[in-house]
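Survey of secondary and tertiary structure
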Amino acid sequence: QVQLVESGGGLVQAGGSLRLSCAASGLTFSSYAMGWFRQAPGKEREFVAAIRWSGGSTYYADSVKGRFTISRDNAKNTVYLQMNSLKPEDTAVYYCAAATRWGTVVLTPPQYNYWGQGTQVTVSS
């Protein structure tokens with residue numbers, strides 16, 4: 001049974017930082033691209049960042065480029081999202097997801113095979 005478990009969310013002031021983690025089990029982690037998405041109330045789920053199975057290639061949404069960094073540790077079956085210079089508009093539930101494909105397709109939710117339950121990030125102004 002595949003499980004993706006996010007952690008590290010919370011309440012932070014604007015300009016602050018958080019580091020999200022997503023621990024994977026039940027799958028060959030190093031064979032999956034990993035992505036982070038977020039969903040704010042009343043909005044659709046949107047792409048944040050993705051990283052290839054080897055970690056050698058990444059994608060970022062324009063809205064987070066230069067502020068967020070995705071990384072992975074295949075030995076720990078974990079993917080991370082370091083979020084700096086947080087803004088109130090970053091407030092959302094953040095989800096990690098696993099995909100067997102790579103390329104620009106990983107920018108879209110349907111390409112992902114597995115999803116975590118999400119972790120809330122709230123940025124106060």
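Structure: see above.
Residues numbered from 1 in each chain as written. Predicted model: local features only at pLDDT ≥ 70, side-chain atom pairs only at ≥ 80, totals over all residues. Heavy atoms only, no water.

1. Topic: the pairing of strand β5 (residues 46-51)
What counts here: For the exposure calls, accessible area comes from a 1.4 Å probe over protein chains only, and a residue counts as buried if that area is under 20% of its type's maximum, exposed if over 50%, partly exposed in between. Helix and strand definitions here come from DSSP, where helices need a minimum of 4 consecutive H or I residues and strands a minimum of 2 consecutive E residues; each element is numbered from the N-terminal end. Between any two strands, at least two bridges found by DSSP are needed for them to pair.
Burial within β5 is extensive, with five of its six residues counted as buried. When strand β4 (residues 33-39) meets β5, the two strands line up antiparallel, connected through five bridges. Residue Arg38 lies in a different strand from β5, and its bridge partner there is Glu46. As consecutive antiparallel partners, β4 and β5 are separated by six residues, and within that stretch Gly42 has a phi angle of approximately 75 degrees, a positive value. With three bridges connecting them, β5 and strand β6 (residues 58-60) associate as antiparallel partners. Across the sheet, residue Ala50 finds its bridge partner in β6, namely Tyr59. Remark: six residues form the turn of the hairpin made by β5 and β6, two consecutive strands paired antiparallel; Gly55 in that turn has positive phi of roughly 85 degrees.

2. Re the sheet that holds strand β3 (residues 18-25)
Our working rule: Inter-axis angles, ranging from 0 to 180 degrees, are taken between N-to-C directions of lines fitted to C-alpha atoms, where helices are fitted over the stretch in contact.
Spatially, four strands are ordered β1-β3-β8-β7 in an open sheet, and the strand pairing comes out antiparallel. In this open sheet, the two strands that pair with only one neighbour each are β1 (3-7) and β7 (68-73). Mean inter-strand twist for the sheet, computed between neighbouring axes without regard to direction, equals 15 degrees.

3. What about the packing of aromatic side chains?
Any two aromatic rings considered together are summarised by their centre-to-centre distance and by the angle between their planes. Here is the rule we go by: Between the rings of Phe, Tyr and Trp (Trp by its six-membered ring), a pair exists once the centres lie within 6.5 Å; its type follows the angle of the planes, with under 30 degrees stacked, over 60 edge-to-face, and the other angles tilted. Whether a charge sits over a ring depends on NZ of Lys or CZ of Arg being within 6 Å of the ring centre and within 35 degrees of the ring normal.
Within this structure, the stated rule accounts for six aromatic pairs. Relative to Tyr112, the ring of Phe37 lies with its centre 5.1 Å away and its plane at 85 degrees, an arrangement referred to as edge-to-face. With a gap of 75 residues between them, Phe37 in strand β4 and Tyr112 in the loop between β9 (92-99) and β10 (114-115) connect regions that are remote in the sequence. With respect to class, Phe37 is no different from Tyr112; both count as buried. What links up through ring pairs into an aromatic cluster is the set Phe37, Phe47, Tyr112 and Trp115. Geometry around Tyr80 places Arg19 over its ring, the cationic atom sitting 4.0 Å from the centre. Directly above the aromatic system of Phe29 lies the positively charged group of Arg72, at a separation of 4.4 Å from the ring centroid.

All quantities given are derived from atomic positions and should not be read as evidence of function.
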